[in-house]
Amino acid sequence: MINITFPDGNVRQYDAGVTGMDIAKSLSNSLAKKVLSVSVNDEVWDSMRPINEDAAIKLFTWNDEEGKNTFWHSSAHLLAEALQNLYPGVKFTIGPAIEQGFYYDIDLPEGKSISAGDFPKIEKKMLELAKRKVTFDRQDISKADALAHYQNVGNEYKQELIDGLEDGDITFYTQGDFVDLCKGPHLPHSALVKSVKLTNVAGAYWRGDETRPQLTRIYGISFPKAALLEEYNNFVKEAKERDHRKLGQQLELFAFSDRVGAGLPLWLPKGTKLRNILQDFLMEEQRKQGYQMVMTPHLGKKELYETSGHYAKYGKDSFQPINTPKEGEEYLLKPMNCPHHCEIYKCFPLSYRDLPLRLAEFGTVYRYEQSGELNGLLRVRGFTQDDAHLFCMPDQLKDEFKAVIDLVILVFTKLGFTDFKAQISLRDPDNPGKYIGSDENWEKAERAIMEASEEKGLPTFIEYGEAAFYGPKLDFMVKDALGRSWQLGTIQVDYSLPERFKLEYIGADNQKHRPVMIHRAPFGSFERFVAVLIENCKGNFPLWLAPEQVKVLPISDKFMDYANSVKTQLETAGYRVSVDGRAEKIGRKIRDASMQKIPFQLIVGEKEAESQQVSIRRHGEGDRGSVPMSGLLEQLEAEMDGVVTA
RNA sequence: GCCGGUGUAGCUCAGUUGGCCAGAGCAGCUGAUUUGUAAUCAGCGGGUCGGCGGUUCGAAUCCGUCCACCGGCUCCA
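Just so it is clear, the structure is predicted and the values come from calculations on it, not from any experiment.

1. Side note on the protein's contact with RNA strand B
Around RNA strand B there are 55 residues in total, and Gln214, Met336, Ser371, Glu373 and Arg588 lie nearest to it. Each atom of RNA strand B within 4 Å of the protein belongs either to a base or to sugar and phosphate, the latter forming 51%. The backbone of Val201 places a nitrogen or oxygen atom 3.2 Å from a base nitrogen of RNA strand B. In this structure, a sugar or linking oxygen belonging to RNA strand B sits 3.1 Å away from a side-chain N or O atom of Tyr219. Elements with a minimum of two residues in the surface near RNA strand B: strand S14 (195-205), strand S15 (214-223), helix H8 (244-250), helix H18 (586-595), helix H19 (606-611) and strand S34 (613-618). Here the surface near RNA strand B is built from residues that sort into 16 nonpolar, 18 polar and 21 charged.

2. What about the sheet that holds strand S12 (residues 171-175)?
Backbone hydrogen bonds are what pair the strands of a sheet, in a parallel or an antiparallel way. Judged by pairing direction, the sheet is antiparallel, and its 3 strands sit side by side in the order S11-S12-S13 without closing on themselves. Looking along the sheet, the strands with just one partner apiece sit at the ends: strand S11 (137-140) and strand S13 (178-181). Across the sheet, the mean angle separating the axes of adjacent strands is 25° when strand polarity is ignored. Relative to S13, S12 runs antiparallel, the two sharing 4 bridges. Looking across to S13, one finds that Phe172 is bridged to Leu181.

3. Some points on the environment of Phe348
Considering the arrangement of structural elements, one finds Phe348 in the loop between helix H12 (338-345) and strand S22 (357-366). Owing to a relative accessible area of 44%, Phe348 belongs among the partly exposed residues under this scheme. Each C-alpha atom, one on Phe348 and one on Tyr505, is 9.4 Å from the other, the two residues being 157 residues apart in sequence.

4. Section: helix H4 (residues 119-131)
Taking 1.5 Å of rise per residue, 13 residues should cover 18 Å, and H4 covers 18 Å from first to last C-alpha, within 8% of that figure. For H4, the elements touching its buried residues are helix H3 (65-86), strand S10 (101-107), S14 and S15. Once H4 ends, the next one or two residues include Lys133, with phi positive near 55°.

5. Overview of the pattern of salt bridges
Throughout the structure, instances matching the rule amount to 42 salt bridges. The salt bridge involving Glu329 is made with Lys301; its shortest N-O contact spans 3.8 Å. One end of the pair, Glu329, is in the loop between strand S20 (322-323) and strand S21 (330-333); the other, Lys301, is in strand S19 (residues 299-301), and 28 residues separate them in sequence. Looking at Glu329, the relative accessible area reads 29%, which means it is partly exposed. Between Asp406 and Lys456 there is a salt bridge whose closest N-O contact spans 3.1 Å. Note that Asp406 is positioned in helix H13 (residues 397-414) and Lys456 in the loop between helix H14 (439-455) and strand S25 (460-464), a separation of 50 residues in sequence. Judged by relative accessible area, which is 33%, Lys456 ranks as partly exposed. Where salt bridges share partners, they join Glu238, Glu241, Arg242 and Lys538 into one cluster.

6. Observations concerning the nonpolar core
Among the nonpolar cores identified, the biggest contains 59 residues, and Leu415, Leu474 and Phe541 are the most heavily contacted of them. Grouped together as the second largest cluster of nonpolar side chains are 38 residues, Trp72, Phe136, Leu192 and Leu228 included.

7. Brief notes about the side chain of His186
Structurally, the position occupied by His186 is in the loop between S13 and S14. By relative accessible area, which is 1% here, His186 ends up buried. Here His77 takes part through its side chain, which lies 3.4 Å from a polar atom of the side chain of His186. The contact partners of His186, leaving out residues within four places of it in the chain, are Leu36, Asp46, Ser47, Thr70, His73, Ser74, His77, Phe136 and Tyr173.

8. Quick look at the domain arrangement of chain A
We note that the domain assignment places domain 1 (2-61), domain 2 (66-239), domain 3 (284-537) and domain 4 (550-639) within chain A. Placing a centre on the C-alpha atoms of domain 1 and another on those of domain 3 gives a separation of 50 Å.

9. A closer look at unusual backbone geometry
Leave glycine aside and you will find that most residues have negative phi; peptide bonds, for their part, are mostly trans. The step from Gly184 to Pro185 runs through a cis peptide bond, and the omega angle for that step is -5°. Examined against the element boundaries, Pro185 turns out to sit in the loop between S13 and S14. The step from Leu355 to Pro356 runs through a cis peptide bond, and the omega angle for that step is 0°. Here Pro356 shows up in the loop between H12 and S22. Residue Lys133 is not a glycine yet carries a positive backbone phi of 55°. Topologically, Lys133 is positioned in the loop between H4 and S11. Here Glu252, not a glycine, exhibits a phi torsion of approximately 55°, which is positive. Within the fold, Glu252 resides in the loop between H8 and strand S16 (254-255).

10. Considering the environment of Lys270
Mapped onto the fold, Lys270 is located in helix H9 (residues 269-288). Not counting residues within four places of it along the chain, the set of residues in contact with Lys270 comprises Leu251, Glu252, Leu253, Pro547, Glu548 and Gln596. In this structure the side chain of Lys270 is engaged in a polar contact, spanning 3.3 Å, whose partner is the side chain of Glu252.

11. Brief notes about the sheet that holds S19
Pairing in this open sheet of 3 strands is antiparallel, and the strands run S19-S21-S20 from one edge to the other. Edge strands, defined here as strands with exactly one partner in the open sheet, are S19 and S20. Across 2 bridges, S20 lies against S21 in antiparallel orientation. Looking at S21, one finds that Asn323 is bridged to Glu330.

12. Here we look at the packing of aromatic side chains
A complete count under the given rule lists 26 aromatic pairs for this structure. Their ring planes at 80° and their centres at 6.2 Å tell us that Phe254 and Phe256 sit as a pair that is edge-to-face. Among the residues examined, Phe254 registers a relative accessible area of 6% and is labelled buried. Looking at Phe256, the relative accessible area reads 37%, which means it is partly exposed. Note on Phe412 and Phe417: the rings are 5.7 Å apart at their centroids and 80° apart in plane angle, and the pair reads as edge-to-face. Judged by relative accessible area, which is 0%, Phe412 ranks as buried. Following the ring pairs from residue to residue traces out a cluster consisting of Phe362, Phe412, Phe417, Phe420, Phe476, Phe523, Phe526 and Phe529. When the ring centre of Trp45 is taken as origin, the NZ or CZ atom of Arg49, which lies over that ring, is 3.8 Å away.

Calculation notes
- Residues numbered from 1 in each chain as written.
- Chains lettered and ligands numbered in written order.
- Predicted model: local features only at pLDDT ≥ 70, side-chain atom pairs only at ≥ 80, totals over all residues.
- Heavy atoms only, no water.
- Near = heavy atom within 4 Å.
- Polar contact = N/O pair within 3.5 Å; in protein donor to acceptor, adjacent residues only side chain to side chain.
- Helix = DSSP H or I, 4+ residues; strand = E, 2+ residues; numbered from the N terminus.
- Nonpolar A, V, L, I, M, F, W, Y, C, P; charged D, E, K, R; others polar.
- Pairing = 2+ DSSP bridges.
- Axes fitted to C-alpha atoms, helices over the stretch in contact; angles between N-to-C directions.
- Buried < 20%, exposed > 50% of the residue type's maximum accessible area, 1.4 Å probe, protein only.
- Expected span 1.5 Å × (residues − 1).
- Contact = heavy atoms within 4.5 Å.
- Salt bridge = Lys/Arg side-chain N within 4 Å of Asp/Glu carboxyl O.
- Core = buried A, V, L, I, M, F, W, Y, C linked by side-chain atoms within 4.5 Å.
- Domains from an automatic or database assignment.
- Phe/Tyr/Trp six-rings, centres within 6.5 Å; stacked < 30°, edge-to-face > 60°.
- Lys NZ or Arg CZ within 6 Å of the ring centre and 35° of its normal.

Structure below.
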């Protein structure tokens, strides 16, 4: 007999060799039907795998992340089996579960390709295979046998994977006729997979390395109930409606032009309004915290970037130098504002009494992004950062850093980004050549970030290899409508640039010292921030941000005078307001204002004009009834502090 | 940059296997309508079918190439 400990601390005895599924059945049959996998001492296992020793177990269903992972991983195997059927000669590589579904990377036989048009037949085959209700059988296999198997079938990818595994730690899984190198775990049987949708097909390099073969990656998602697929389809539809590219066009916020160039956004009047309001908001917060605004040009001499290290690092992959026609000097579009700000620092004879020096600029930078990378406002080639550089003494670093964390969180909270993730971006330990600066300085910088975050009680996670080339970062990540994570706010500690630019201040000891630098941008860039903001609020901006806050809709042109007087009163009170004076019916005016997502629509006709009232229609809510101007101003006032909601 | 897909009027989209002057709705313009909580009616204008080259008696449709966009990969100062 062995002791099985449950999550609630209860212990029960079972025969050795009992499976997770047996245990589930002993608790309840209805539970057993839902179990997808189990964890045994915190390791996720097949529910059909025998447990031979005392263990703590948890049962996972569709409601657990582990359960979903198991479900999707098994679905990936069904996808592979279907492809093996339909595309003889296909080579399999890896097929993991991901956040939303799964994928399988395959190498198709010469001359074959798969496109979305092939999905229906693959999906059909997968469901057919699932219905057989076969089990996923686990089998230990020696390294030699595993290699022999894949030499036999001629799959060099699996051989390479096996090369990296320990003998005695290798397992195959078999379902039906399909055998795959896999550490599991898998579902109790295939028929749990009730609906399948392949979502897209893409190229993916083997092992993520662009010098290696490009494989075909097929993405999919699957569900234990058909109704859940419906839900997923609705989510996808909803995401399309939130897409900032669609809303940006519909609400006339920004545009792109082939003639201007890819990745170079044009901000239309309404988008510019929105952006300027965001800028004013941040400028005011920064003023309160002792920042000073500066301005610098959009380009600088090549030597500037040689000093900063940018040129050596990115010069050849960037927009190429611009030459002066007579002197032949080389200038580069600026990829970052920091070199310019370092030069501003040097304009002053600074003492320790002057620090921290906080220089802020809404600086437009230009970076060459590969054509395939461009994406609406999320990834562009010219963008404006809400940049600032804080120059401080080493012992001021942590307090400054913490104040910036507060500022970023203030901004995010105000704009409704509540489910951001704070990522500590460190060096790639396998690729030290990517970075500048001494190990000692990197360690100091990394420690400063971790300590400041911890003292702020900020929950963080670490990503290696995501640091900037000159220093580690604390990045604030927010998801777009499709669930993709984007870096918005960022705070970076930098010991290198002050050294490279030989920045100094006079200390209390009358000696020269080197300052430390913090790079920070709470929004990151206006472009990306606005993109994510649009998707988060679906274009329904809070009143203080709405490019057009109020639209007055007269019932007919008899009431134009009154409508205009309402407009004037609101303008005097500082609101952005216009009148729809077209010879259209009121229903039409409401519709058009609603399509433009105007927060306050004021209907004025005979009744309102006589009683000096307005009939309020709040977008997203409906008719609020008639109130006098004072009542309207109260309602507007009450919403001006509101945060973004969707 | 790589893989796959897409590109027809300002917007959303039709255009069967290549074949009459390339269509619709919305938007726009003109006129009529003076309107009460999500589309008033009528008339009119608008497109080198993404660009260039080719195949063909004939190309929006087939082929090549370039550009842009979409989804990924790689990259990301």
